[in-house]
Amino acid sequence: MDVSGFSGIAAMALAKVYSAEGRASEGASTFTGYGVEYYDSCGYLFLDSKMGGIGAKFIMNRDGANADRVALRLYDEHFSRIIEYSGYDGGQNGSVVIRRRPSKTSKILLETATGAVTSLFDRLFGKNSNSVDESNMMQGNHAKDEIELMEDAIIKESEPRTIEDILTWLPPTVSVLVDATFLLFRLTVSGAINAGDSRWHKLGLAWKHIYDIEAKHGRNADENDQRVLFNHAPLARVASALLLDNDTIGQRDNKVSRKIEQAARKLGQLMNIKRCSTDDQNNVKDEWAEIVRLLDEVRTGWARCSSCTAQPMNQLLNDIDVDGMVLQSFIEHAICHAATQAGDYDSLCVARSICSESVTLRANSPENWHRYGVILEKLGDTDNARNAFHASVSLGIGEGGRVGS
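Summary of the structure given here. All values reported here derive from a predicted model rather than from experimental measurement.

Section: the overall build of the protein chain
Next up, step 1: Across its full length, the protein chain holds 16 helices and two strands.
Next up, step 2: Out of the 405 residues in the protein chain, the part that is buried amounts to 45%.
Next up, step 3: Restricting to contacts in the protein chain with at least 6 residues of sequence separation, those with at least 24 account for 66%.
Next up, step 4: Counting every atom, the protein chain has about 21000 Å² of accessible surface; 52% of that belongs to carbon and sulfur.

Brief notes about unusual backbone geometry
Next up, step 1: The backbone of F46 shows a phi angle near 60°, a positive value even though the residue is not glycine.
Next up, step 2: Inspection of the secondary structure puts F46 in the loop between α2 (24-32) and α3 (47-63).
Next up, step 3: For F46, a relative accessible area of 9% translates into the label buried.
Next up, step 4: The backbone phi angle of N272 is positive, close to 65°, even though this residue is not glycine.
Next up, step 5: Classification of N272 as partly exposed rests on a relative accessible area of 36%.

Here's the deal with the nonpolar core
Next up, step 1: With 91 residues, the main nonpolar core has M51, L203, W207, L267, W288 and F330 as its most contacted residues.
Next up, step 2: No other element matches the eleven residues that helix α8 (residues 174-189) contributes to this core.
Next up, step 3: Excluding residues within four positions of it along the chain, M51 makes contact with A11, M12, A15, F31 and Y39.

Topic: the packing of aromatic side chains
Next up, step 1: Evaluation of the coordinates by the stated rule reveals six aromatic pairs.
Next up, step 2: Members of the aromatic cluster, joined through ring pairs, are Y18, F31 and F58.

Notes on the pattern of salt bridges
Side-chain pairs of opposite charge can arise whenever the charged atoms involved come near each other.
Next up, step 1: The final tally for this structure, using the stated rule, is 17 salt bridges.
Next up, step 2: In the salt-bridge network here, residues are joined through shared partners; they are K259, E290, R293 and E297.

Quick word on the packing of helix α15 (residues 366-378) against helix α16 (residues 382-395)
A packed helix pair is summarised by two numbers, namely the angle formed by the two axes and the spacing between the axes.
Next up, step 1: Across the interface, α15 lies against α16 with an axial gap of 8 Å and an inter-helix angle of 165°. Looking at the two axes, α15 sits roughly antiparallel to α16. Of the two possible hands of crossing, α15 and α16 adopt the one that is left-handed. Seen from α15, the contacting residues are P366, W369, H370, Y372, G373, V374, L376 and E377; seen from α16, they are N384, A385, A388, F389, A391, S392 and L395.
Next up, step 2: Split by residue class, the contact of α15 with α16 holds ten nonpolar, four polar and one charged.

Looking at α16
Next up, step 1: End to end, α16 covers 20 Å across 14 residues, agreeing with the expected 20 Å (1.5 Å per residue, within 8%).
Next up, step 2: Residues A385, A388, F389, A391 and S392 constitute the buried set of α16. Each buried residue of α16 sits inside an arc of 160° when the element is viewed along its axis, so together they form one side.
Next up, step 3: Packed against the buried residues of α16 are α15.

Quick word on helix α12 (residues 284-300)
Next up, step 1: The end-to-end C-alpha separation of α12 is 25 Å, in line with the 24 Å expected for 17 residues at 1.5 Å each.
Next up, step 2: Two residues or fewer after α12 comes G301, characterised by a positive phi angle close to 85°.

Here we look at the packing of α12 against helix α14 (residues 345-361)
Next up, step 1: Packing of α12 against α14 brings their axes to within 9 Å, and their N-to-C directions diverge by 40°. Relative to α14, the element α12 is oriented oblique. Between α12 and α14 the crossing geometry is left-handed. Seen from α12, the contacting residues are A289, V292, D296 and R299; seen from α14, they are S347, V350, S353, I354 and E357.
Next up, step 2: Looking at the contact of α12 with α14 residue by residue, the class counts come to four nonpolar, two polar and three charged.

Some remarks on the state of the cysteines
Next up, step 1: In this structure the tally under the stated criterion is zero disulfides.
Next up, step 2: The thiol sulfur of C336 is not disulfide-bonded, and the nearest other cysteine sulfur, from C355, lies at 3.7 Å.
Next up, step 3: In this structure C336 comes out as buried when scored by relative accessible area, which is 1%.

Parameters at a glance
- Every chain's residues receive numbers from 1 upward, in the order its sequence appears when written.
- Given that the model is predicted, a residue must reach a pLDDT of at least 70 before its local features are reported, and side-chain atom pairs must reach 80 or more before they are shown or counted; all residues, however, enter totals for whole chains, interfaces and linings.
- Side-chain metrics in this entry use all non-hydrogen atoms of the structure; hydrogen atoms and water are not considered.
- By definition, any uninterrupted DSSP run of H or I lasting at least four residues is a helix, any uninterrupted run of E lasting at least two residues is a strand, and each is numbered from the N terminus.
- Burial status follows relative accessibility: with a 1.4 Å probe on protein chains alone, a residue under 20% of its type maximum counts as buried, one over 50% as exposed, and anything between as partly exposed.
- Residue contacts follow a heavy-atom distance rule, with two residues in contact if any of their heavy atoms lie within 4.5 Å.
- Methods summary: accessible areas were calculated by the Shrake-Rupley approach with a probe of 1.4 Å, and residue burial reflects only the protein chains presented.
- Only buried residues count toward a nonpolar core, which is a set of Ala, Val, Leu, Ile, Met, Phe, Trp, Tyr and Cys residues joined through side-chain atoms within 4.5 Å.
- Planes of paired rings set the category: under 30 degrees apart is stacked, over 60 is edge-to-face and the rest tilted, where pairs are Phe, Tyr or Trp rings (Trp by its six-membered ring) whose centres lie within 6.5 Å.
- What makes a salt bridge here is a side-chain nitrogen of Lys or Arg within 4 Å of a carboxyl oxygen of Asp or Glu, nothing more.
- In this description, a line fitted to the C-alpha atoms serves as the axis of each element, helices being fitted only across the stretch in contact, and the angle between N-to-C directions of two axes falls anywhere from 0 to 180 degrees.
- Oblique is the label for any angle not under 35 degrees, not over 145, and not in the 65 to 115 range, which are roughly parallel, roughly antiparallel and roughly perpendicular in turn.
- The handedness criterion is simple: a crossing whose near helix is rotated anticlockwise from the far helix by less than a right angle is left-handed, and one whose near helix is rotated clockwise is right-handed.
- Under the grouping applied here, Gly and all other residues not named as nonpolar or charged are polar, the nonpolar ones being Ala, Val, Leu, Ile, Met, Phe, Trp, Tyr, Cys and Pro and the charged ones Asp, Glu, Lys and Arg.
- Working rule for helices: expected span equals 1.5 Å times residues minus one.
- Throughout, the arc means the angular range of directions from the helix axis out to the C-beta atoms.
- Pairs of cysteine sulfur atoms within 2.5 Å are what we label disulfides.

What follows is the structure in structure tokens.
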């Protein structure tokens, strides 16, 4: 792959191949190591952040429990940075900080090039103390110029702005927030962070900001001329439901399933991501079992109908295409986590079928084997659970994750 726009597309396609085949080691090396150059400067908006998030998931698949710190660093580097500098995290009073285009760019580039040439000749022919002092002075002046540029570059609201100035501030897109939400959910389920982490709070504020913009300007409508938010980004309805109580769906056609949004909303409440306690603690296990049922019906495309005698199963119509690298991964982790919390036999059997499928299709992932062992242990199959744990250890540095992952 060459370093161009085409290399960014090729990198995304390669990530899907590695994910489908369970090639976690190659994915981690490619998207967090030497392969960063293929997409880092390809020109697509925030593609480096999206691919960095994919690399964090590959690292968690490969290294399991030992990958928490690395994955959190990648999240902060690729997602927290965007949310914080844009002011969408509630910082800077939520204001937009726009900087004017640097006017001394050509001067800085010329000084940098001159310094590089001087350094080359110094290495070839040696340098005296005077040249060392001059070099240190040039470096000090260069750093001073950079500080002055940063301080003087902030444009006040009363000052005129150009197109180049505005492009120095890029807010997080819906796609970036979706990837950030699913990665943070994965880290929470694995035990790397808890639901009270400040990252969740900042991400929720960012989603609230996006929701307000969509509600004000994104007046999309369906066939019945009814308002549907995030009609252009169905995954945003799922991701935002984990953090917001607002109805992003509107009055859609009854034939279209809303089960995945309902399950995500329940997950956000039970995991306390929305920072709201559950009133009836006696029915918590039933709520977790309900999440398993909803997500299993979304995954299979068939819903149980207890009141129907002639047709006990109804086919679901979803308006969300299940992407194996994004949504399907979220559904699998959510079902297994909810099943371990519910603890009932039916939910654990659903999780066991998912784990059995995952270790068959992606047998090289230590996390899949460890999750399989956890579910088998919950079901009382200790021998096969022990074998799954051993397979997890033999395939990775860690044991593939923690309980509930």
